[in-house]
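Secondary and tertiary structure notes
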Amino acid sequence: MDAFVINGGKRLRGTVRVHGAKNAALPQLAAALLTDQPVKLSDVPDLVDIRNMTKLLNELGCEVEHDPAASSVTVHSTDDSKCKARYDIVRTMRASVCVLGPLLARRGMAQVSMPGGCNIGDRPVDLHMRGLRALGAKVYLDSGYIVAELPESGRLTGARVFLGGPFGSTVLGTINVMSAAVLAKGRTIIESAACEPEVEDMANLLNAMGANVTGAGTPRVIVEGVDQLHGAKHKVIPDRIEAGTYVAAAAITNGQITIENFPTDALTAVLDRFEYAGVEIEPVKPASGASPSPPRKRGTRKKNNQGTLDDARMRQTVRVASTRRLEPTQVVTQPHPGFPTDLQAQIMALLCLADGNSMITEKIFPDRFLHVAELLRMGANLVRNGPTVLVSGVRELIGAQVMASDLRASAGLILAGLAARGTTTVHRVYHVDRGYERMDLSLQKLGADVERVDQPAE
Ligand code: EPU
């Protein structure tokens, strides 16, 4: 099993490019089930989760062409008879649940293994099911599978759907309901929709396929149903979580790096916290004569969703520097545009070395703290009380053997290892490979002493 061996203390320098967003690409691949024409995505990261999704789509009767060198995937749904997402695939990747809406809307029936909990806590899907029921679907559980069927009329019907839950809205739930509603009869209004950039990017793809979605990126999404969708080409937005992780990597090593394809517009709350702590983040002006973003070709303007994300500000180049010990700060994870839960472990690693006490409260997944025990092994001073962790800054972290438990916790431990005195071995980095394309190579390029080894945990 692969581990990363990290000799800490190297200041990062150089340039890194942010890949396309995993969490945007996964449901977009599933959206190809909504049409019998090919859907081509570009800037798709080469990740285990993406391969799992293409495998699932293959089983669901799609021809898939994956070209990792070109970062593109084309999905062509050719056999409409398959409607079952098996347990064996869904258990490896919870995001498989996003085939539910498209299968139901276009093939009339979906059977998707009920995703279980995972290392970050309970992961219910009640809101997905409630949303699809509101559109008239018959949705029930059978032998561990969510089964969704069209009503007798043979088509979903637009409705007003409320998707707020005890921890805010649901990202994949909003995406599931939105992608079912595009083929429903009439208008659907999703209230308390998730506002995450991945929802907005999904709406942009659906609109490129002929759907009529407005308001995505805000809490009210309006979908006017259409009879059918067609193929499309779409470039996936950059990964805001990978981008934030590299900011933290520069900061924790007192480094100075340049990050390309940086989605500034999707990271407002994150940049606010990093800047508050003392990290310098400046956009790099394009070289004189160069245009900040390529001019849009005539006729290609997106016609429907008046998105909240500005194209140019989603693909900036920024310079990140940290020259002094950071200030402590408070962080509360919240639905977008708040601070994302997917960067909680990374900022915790950073604040372990700040000059004073910080407080981190997790409001999305209140048990997402498996990294705390591992950071303690590296000399961090952390006290957890329910969903809150008090982080008392220490002068140094000390290298140790630590165990990755989930994707983002692993990223936090790798960051801690980059700053720690001595050698840190992060075991089970297959978690990290699910969400970061060859993070070891990107860090090496920035001057980090990181090596991937095949090593059993002691
Ligand atoms: N929730 C419900 N009922 C539901 C669905 C969700 O109560 O039916 C609750 C959850 O338990 C949680 C909150 O609502 O407390 C938010 O969960 P959400 O449904 O938004 O999570 P998700 O859509 O399953 C996506 C990302 C996660 C990310 C969360 C929150 C993908 C593939 N996954 O999950 O990403 O943490 O949104 O932003 O898009 C990761 O990349 O490491 C990751 C876990």
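Residues numbered from 1 in each chain as written. Predicted model: local features only at pLDDT ≥ 70, side-chain atom pairs only at ≥ 80, totals over all residues. Heavy atoms only, no water.

Focus: the confidence of the model for the protein
Test applied: Confidence of the predictor in every single residue is expressed as pLDDT, which spans 0 to 100. Here, two residues are considered to be in contact whenever any of their heavy atoms come within 4.5 Å of each other.
Predicted confidence across the protein gives a mean pLDDT of 94, with 95% of residues reaching 70 or more. In the model, residues 291-296 has pLDDT below 50 throughout and makes five contacts with residues more than four positions away in sequence or in other chains.

A word on the sheet that holds strand E20 (residues 381-385)
What counts is decided by this rule: A pair of strands is labelled paired if DSSP reports no fewer than 2 bridges between them. For helices the rule is a DSSP run of H or I covering at least 4 residues; for strands it is a run of E covering at least 2, with both sets numbered from the N terminus onward. Axes here refer to lines fitted to C-alpha atoms; in helices the fit is confined to the stretch in contact. Angles between the N-to-C directions go from 0 to 180 degrees.
Taken in spatial order, the four strands line up as E18-E19-E21-E20 in an open sheet, and their pairing is mixed. The open sheet has two edge strands with one neighbour each: strand E18 (330-333) and E20. The average angle at which neighbouring strand axes cross in this sheet is 15 degrees, direction not considered. Strands in contact with helix H10 (residues 344-351) are E18, strand E19 (357-362), E20 and strand E21 (388-392); relative to E19, the strand with the most contacts, it is inclined by about 170 degrees.

Remarks on a nonpolar patch on the surface
Rules: Patch definition: residues with relative accessible area over 30% and no salt bridge; like charges joined within 9 Å; nonpolar side chains (Val, Leu, Ile, Met, Phe, Trp, Tyr) joined within 5 Å. Per-residue accessibility takes into account occlusion by the displayed protein chains alone, with areas from the Shrake-Rupley method and a 1.4 Å probe. Should a side-chain nitrogen of Lys or Arg be within 4 Å of a carboxyl oxygen of Asp or Glu, the pair is scored as a salt bridge.
A surface patch of nonpolar side chains, amounting to about 220 Å² of accessible area, comprises Met359, Val383 and Leu390. Relative to the helices and strands, valine 383 is located in strand E20.

Notes on the packing of H10 against helix H12 (residues 407-419)
Note the cut-off: Orientation is classified from the angle alone, with under 35 degrees giving roughly parallel, over 145 giving roughly antiparallel, 65 to 115 giving roughly perpendicular, and any other angle giving oblique. A clockwise turn of the near helix away from the far one marks a right-handed crossing, whereas an anticlockwise turn of less than a right angle marks a left-handed crossing.
Axis separation between H10 and H12 bottoms out at 7 Å; the angle between their running directions is 20 degrees. The pairing of H10 with H12 is recorded here as roughly parallel in orientation. Seen along the crossing, H10 lies across H12 with a hand that is right-handed. From H10, Ala345, Gln346 and Ala349 reach across to H12, where they touch Arg408, Ala409, Ala411, Gly412, Leu415 and Ala416.

Looking at the site of the ligand
Threshold: Here, proximity means that at least one heavy atom of the residue falls within 4 Å of the molecule or strand. Any pair of N or O atoms that falls within 3.5 Å is considered a polar contact. Within protein, one atom must be able to donate a hydrogen and the other to accept it, and sequence-neighbouring residues count only if both atoms are side-chain atoms. Just so you know the grouping, Ala, Val, Leu, Ile, Met, Phe, Trp, Tyr, Cys and Pro go in nonpolar, Asp, Glu, Lys and Arg go in charged, and all remaining residues, Gly too, go in polar.
Surveying the vicinity of the ligand reveals 24 residues, the closest of which are Asp126, Leu127, Thr170, Asp342 and Ile364. Arginine 123 is positioned such that a nitrogen or oxygen atom in its side chain is 3.1 Å from an oxygen atom of the ligand. One of the backbone nitrogen or oxygen atoms of proline 124 is found 3.3 Å away from an oxygen atom of the ligand. Relative to its free-state accessible area of 820 Å², the ligand is covered by the protein chains to the extent of 92%. In terms of residue class, the shell around the ligand is made up of 11 nonpolar, five polar and eight charged.

Notes on the pattern of salt bridges
For the record, the criterion: Each residue gets one of three labels from its accessible area relative to the maximum for its type: buried under 20%, exposed over 50%, partly exposed in between, using a 1.4 Å probe on protein chains only.
With the rule as written, the count across this model stands at 28 salt bridges. In this structure, aspartate 272 and arginine 273 form a salt bridge, with 3.0 Å as the shortest nitrogen-oxygen distance. Aspartate 272 sits in the partly exposed class, given a relative accessible area of 42%. Look at arginine 273 and you get buried, because its relative accessible area is 17%. In this structure, aspartate 440 and arginine 452 form a salt bridge, with 2.9 Å as the shortest nitrogen-oxygen distance. Of this pair, aspartate 440 sits in helix H14 (residues 439-445) while arginine 452 sits in strand E24 (residues 449-454), placing them 12 residues apart in sequence. Judged by its relative accessible area of 21%, arginine 452 falls in the partly exposed class. Counted as one network, the salt bridges with shared partners bring together Asp2, Asp433, Arg438, Asp440 and Arg452.

Here we look at the pairing of strand E7 (residues 109-113)
Where strand E6 (residues 84-85) lies against E7, two bridges are found, and the strand directions are parallel. When the bridges of E7 are listed, lysine 84 appears paired with glutamine 111. One ladder, built from five bridges, connects E7 with strand E9 (residues 145-149); its direction is antiparallel. When the bridges of E9 are listed, methionine 109 appears paired with glutamate 149.

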